[in-house]
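Inside the fold
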Amino acid sequence: MFKRLAEAGAAVAITIDGKPVTARGGDTVAAALLAAGIDHCRTTPVTGAPRAPYCMMGVCFECLVTIDGVGSRQACLVPVHPGMKVETQLGRREAGR
């Protein structure tokens, strides 16, 4: 469904839910998720419905993930960096994260 327009940035190694993924320099976390074929980044607290990046510009809050231990970060606004650890959020963010 999603395809890169160009392979411009250098490869950046990150992990998503403990699995190694190669992103590109300049990618946001949301772009890296989509490029890796991950179809959702969180589930809703009430119904458990899967949610995915939508607006890609920080307006909708559908792309919330845990990044390097900090929960409820907007994946579309955070650029990837080497060694980044991303976790999808299931339901409500746990206290202390």
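In what follows, the accompanying structure is described.

Conventions adopted
Starting from 1, residues in each chain are numbered consecutively following that chain's sequence as written. Local features are withheld for residues below a pLDDT of 70 in this predicted model, meaning they are given only at 70 or higher, and side-chain atom pairs are given and counted only at 80 or more; totals for whole chains, interfaces and linings count all residues. To get the side-chain values, take all heavy atoms of the structure and skip hydrogens and water. In short, DSSP must find at least two bridges between two strands for them to pair. The helix and strand labels rest on DSSP assignments: H or I over at least four residues marks a helix, E over at least two residues marks a strand, and numbering proceeds from the N terminus. To define axes, lines are fitted to C-alpha atoms, for helices over the stretch in contact only, and angles between the resulting N-to-C directions are given on a 0 to 180 degree scale. Whenever Lys or Arg places a side-chain nitrogen within 4 Å of a carboxyl oxygen from Asp or Glu, that contact is recorded as a salt bridge. Relative accessible area decides the class of each residue, using a 1.4 Å probe on protein chains only: under 20% of the type maximum gives buried, over 50% gives exposed, and in between gives partly exposed.

What links the strands of a sheet is backbone hydrogen bonding, and the strands pair in either a parallel or an antiparallel sense. The mixed open sheet is built from five strands, whose spatial order is β2-β1-β7-β5-β6. With partners counted over all chains shown, the strands left at the sheet margins are β2 (19-24) and β6 (70-74), one partner each. Direction aside, neighbouring strands of the sheet carry axes that sit 40° apart on average. Sheet topology note: the strand β1 (residues 11-16)/strand β7 (residues 85-88) ladder contains two bridges and is parallel.

Here we come to the pattern of salt bridges. This model, assessed by the stated rule, comprises two salt bridges. Across the pair Arg-42 and Glu-62 runs a salt bridge, and its minimum N-O distance is 3.1 Å. A residue pair is termed long-range when its members are at least 10 positions apart, and Arg-42 in strand β3 (residues 42-43) and Glu-62 in the loop between β4 (50-51) and β5 (64-67) qualify at 20 residues. For the pair Arg-42 and Glu-62, one class covers both residues: buried. Notably, a salt bridge pairs Arg-51 with Glu-62, separated by 2.7 Å at the nearest N-O pair.

This next bit is on the pairing of β2. A regular strand places its side chains so that they alternate between the two faces of the sheet. As paired strands, β1 and β2 are joined by six bridges and run antiparallel to one another. Directly across from Ala-13, in β2, lies its bridge partner Thr-22. What sits between β1 and β2 in their antiparallel hairpin is a turn of two residues, with Asp-17 showing a positive phi close to 50°.

Any functional reading would require information beyond the geometric quantities listed.
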